[in-house]
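# Observations on chain architecture
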Amino acid sequence: FMLLGHLIFFDYGANAAIVSSTLSLNMAIFASVCLASRLPSSLHAFATVTLAIQIFALWPMFQKKLKARAPGCYLTVTVVYTLAAVLGLLTASPTAAVLYALLLLTITFLCPHYLVTLQSSKDNIHGPWDEAEIKEDLSRFLG
């Protein structure tokens, strides 16, 4: 549940009240420490928490700086790491890798295409919830 909270509160670049990078990071590290506490040795726990700090604390900062300084390089790094994740998952479960790749392609390409396509079907309805429109000539009060 803590990692789900991390995904909810992570700062994806939106200015929203729900975004809290501190809370998101704390939830991710807490989940990692909880998982590490179940491991058989201190070395395993140390490696897990160190990897969690690299993934949840250092990687987002690196991505943000890379995107600001070299957008082309940022795109390349993102594609390389996405392919590495799919190939890594392929070694564990080919079915999961195919499903993950289909999910990524759907979210990245199909959903935005569908959204843009549906914009032409958008219907603007007017009702009492709209802002008031003044229809009188108010120029006599201005001068």
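Relevant structure appears above.
What you see is a predicted model; the values in this text were computed from it and never measured.

Basis of the calculations
Residues numbered from 1 in each chain as written. Predicted model: local features only at pLDDT ≥ 70, side-chain atom pairs only at ≥ 80, totals over all residues. Heavy atoms only, no water. Axes fitted to C-alpha atoms, helices over the stretch in contact; angles between N-to-C directions. Helix = DSSP H or I, 4+ residues; strand = E, 2+ residues; numbered from the N terminus. Parallel < 35°, antiparallel > 145°, perpendicular 65-115°, else oblique. Left-handed = near helix turned anticlockwise from the far one by under 90°. Contact = heavy atoms within 4.5 Å. Nonpolar A, V, L, I, M, F, W, Y, C, P; charged D, E, K, R; others polar. Phe/Tyr/Trp six-rings, centres within 6.5 Å; stacked < 30°, edge-to-face > 60°. Buried < 20%, exposed > 50% of the residue type's maximum accessible area, 1.4 Å probe, protein only. Patch = residues over 30% accessible without salt bridge, like charges linked within 9 Å, V, L, I, M, F, W, Y side chains within 5 Å. Areas by Shrake-Rupley, 256 points an atom, 1.4 Å probe, with all protein chains shown as cover. Salt bridge = Lys/Arg side-chain N within 4 Å of Asp/Glu carboxyl O.

Closest axis-to-axis distance for the helix α1 (residues 2-9)/helix α2 (residues 21-36) pair is 8 Å, and the angle between their directions is 160 degrees. For the element pair α1 / α2, the angle class is roughly antiparallel. Crossing of α1 over α2 shows left-handed handedness. Residues Met-2, Leu-3, Gly-5, His-6 and Phe-9 of α1 pack against Ser-21, Leu-23, Ser-24, Leu-25, Met-27, Ala-28, Phe-30 and Ala-31 of α2. Partitioning the contact of α1 with α2 into residue classes produces nine nonpolar, four polar and no charged.

Here we come to the packing of aromatic side chains. In the structure shown here, the tally under the stated rule is two aromatic pairs. Between the aromatic rings of Trp-59 and Phe-62, the centroid separation amounts to 5.4 Å while the plane-to-plane angle is 40 degrees, which identifies the pairing as tilted. One end of the pair is Trp-59 and the other is Phe-62, both in helix α3 (residues 42-69) and three residues apart, which spans about a single turn. With relative accessibility at 25%, the residue Trp-59 sits in the partly exposed group.

What follows deals with a nonpolar patch on the surface. Together, Phe-1, Leu-4, Leu-7, Ile-8, Tyr-12 and Ile-18 make up a nonpolar patch on the protein surface, roughly 730 Å² of accessible area in all. Among the structural elements, Phe-1 can be located in the segment before α1. Taking the relative accessible area as the measure of exposure, Phe-1 reaches 89% and is therefore exposed.

By the secondary structure assignment, Ser-24 is in helix α2. Apart from the residues lying within four places of it in its own chain, the contact partners of Ser-24 are His-6, Phe-9 and Phe-10.

Right, let's get into the packing of α2 against α3. Running from N to C, α2 and α3 cross one another at 160 degrees; their axes reach a closest spacing of 9 Å. Of the possible angle classes, the one that applies to α2 and α3 is roughly antiparallel. Viewed along their axes, α2 and α3 form a crossing whose handedness is right-handed. Across the interface between the two elements, Leu-25, Ala-28, Ile-29, Ser-32, Val-33 and Ala-36 from α2 touch Ala-45, Thr-48, Val-49, Ala-52, Ile-53, Phe-56 and Ala-57 from α3. Grouping the constituent residues of the contact of α2 with α3 by class yields eleven nonpolar, two polar and no charged.

Turning our eyes to something else, we now look at the environment of Pro-112. Considering the arrangement of structural elements, one finds Pro-112 in helix α5 (residues 94-118). If sequence neighbours within four positions are ignored, Pro-112 has contacts with Thr-106 and Ile-107.

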